[in-house]
Protein chains: 2
Amino acid sequence: MKKITIGEAARQSGVKVPTVRYYESIGLLAAPSRSEGNQRSFEPADISRLAFIRHARELGFEIDAIRTLLTLQDDPHQSCASADAIAKARLIEVEQRIRSLMALKAELETMVEGCGHGRVDQCRVIEVLADHGQCTHPHH
Amino acid sequence: MKKITIGEAARQSGVKVPTVRYYESIGLLAAPSRSEGNQRSFEPADISRLAFIRHARELGFEIDAIRTLLTLQDDPHQSCASADAIAKARLIEVEQRIRSLMALKAELETMVEGCGHGRVDQCRVIEVLADHGQCTHPHH
DNA sequence: CTTGCACCTCTAGTCGCTAGAGGATGTAGG
DNA sequence: CCTACATCCTCTAGCGACTAGAGGTGCAAG
């Protein structure tokens, strides 16, 4: 029975050590058993769980959504409708965010292109910021 | 001399009342004069400044960047090189964020499409989350 | 004169960590 | 066995940019 320290767990899962403790503190990860000297001793299953969490975080899922996804994973006989719904909701969020960022990109490009690199009173960056009416995409 | 209340200022600038007070507290907006009853009394210039801040925030600039942009605006004889640099940096950030969100979008689409709406143990959403190796775009 | 909204200050909470203090434990070399 | 050093422990506080709420005051209309 090999004991996995928190440092090992962090290295293998790609989650930082304080973050592992944080996940335990908010109940996302069950408190592992302890060594004689009170040090955490993880199981391989904990590493998988941490990797799952990390991956979901990278995909932008919120902690609460991950909590739900994890309880689904823990009970494989449930319907996956909730998991599907969470992923779909996240997809819609991402699509909206992309659209909104594209509008910002266009706005910023106009600003940067229009800047004659002279003095501030001719600067298009400052000018556009001061007057929203000059925006080409007014919907932000 | 009409006195503009904080509520009026908020309505006209599109910044919420507590946020106006917050901006004052962090020194982004000069503390306005007060009425006899200790209520804030804003000038039209404050409304413009608030609108500027709001617009910049909508474009995703951080408070510190806005602080710099505002000092530039306050002194129109300066070179606009800093403003240009700030806008360019923000543009690069936005472009990177868009690229990364596109990768996430592809990932989420694969997950959602692959979901057979059955039980969790056949669910592609859960499966992909558990195993990063299944990602089509491994670079996140 | 009273009702009720808008204003005031202050503190604490949000999210998802991250940093640091101050101390205990575990391990490798001498 | 001792020492040095990395790693671990708990705890509190901080980040950014607000937001919420408590508890109280000002002001204008009916």
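As recorded in an unreviewed UniProt entry, chain A goes by the name DNA-binding transcriptional MerR regulator, listed as coming from Rhizobium laguerreae.

Asker: I tried to follow the pattern of salt bridges on my own but got confused; where do I start?
Answerer: As a working rule, side chains carrying opposite charge can pair if their charged atoms are close by. Residue and element names in this part refer to chain A. Overall, the coordinates contain 17 salt bridges over all chains when judged by the stated rule. For R40, the salt bridge is made with E24, and the minimal N-O distance between the two is 2.6 Å. A residue pair is termed long-range when its members are at least 10 positions apart, and R40 in strand β2 (residues 40-41) and E24 in helix α2 (residues 17-25) qualify at 16 residues. The shortest N-O distance in the salt bridge between K88 and D84 comes to 3.1 Å. Pair noted here: K88 and D84 are both in helix α5 (residues 81-114), with a separation of four residues, about one helical turn. Taken together, the salt bridges that share partners define one network made up of E24, R34 and R40.

Asker: Any chance you could explain the protein's contact with DNA strand D here in plain terms?
Answerer: Around DNA strand D there are 18 residues in total, and G7, R21 and R40 of chain A together with Y23 and R57 of chain B lie nearest to it. Among all atoms of DNA strand D positioned within 4 Å of the protein, those belonging to sugar or phosphate total 89%. T5 of chain A has a polar side-chain atom sitting 3.1 Å from a phosphate oxygen of DNA strand D. At a separation of 2.9 Å, a phosphate oxygen of DNA strand D approaches a polar side-chain atom of R57 of chain B. Of all the secondary structure elements, the ones that give two or more residues to the surface near DNA strand D are α1 (6-13) of chain A together with α2 (17-25) of chain B.

Basis of the calculations
- Residues numbered from 1 in each chain as written.
- Chains lettered and ligands numbered in written order.
- Predicted model: local features only at pLDDT ≥ 70, side-chain atom pairs only at ≥ 80, totals over all residues.
- Heavy atoms only, no water.
- Salt bridge = Lys/Arg side-chain N within 4 Å of Asp/Glu carboxyl O.
- Helix = DSSP H or I, 4+ residues; strand = E, 2+ residues; numbered from the N terminus.
- Near = heavy atom within 4 Å.
- Polar contact = N/O pair within 3.5 Å; in protein donor to acceptor, adjacent residues only side chain to side chain.

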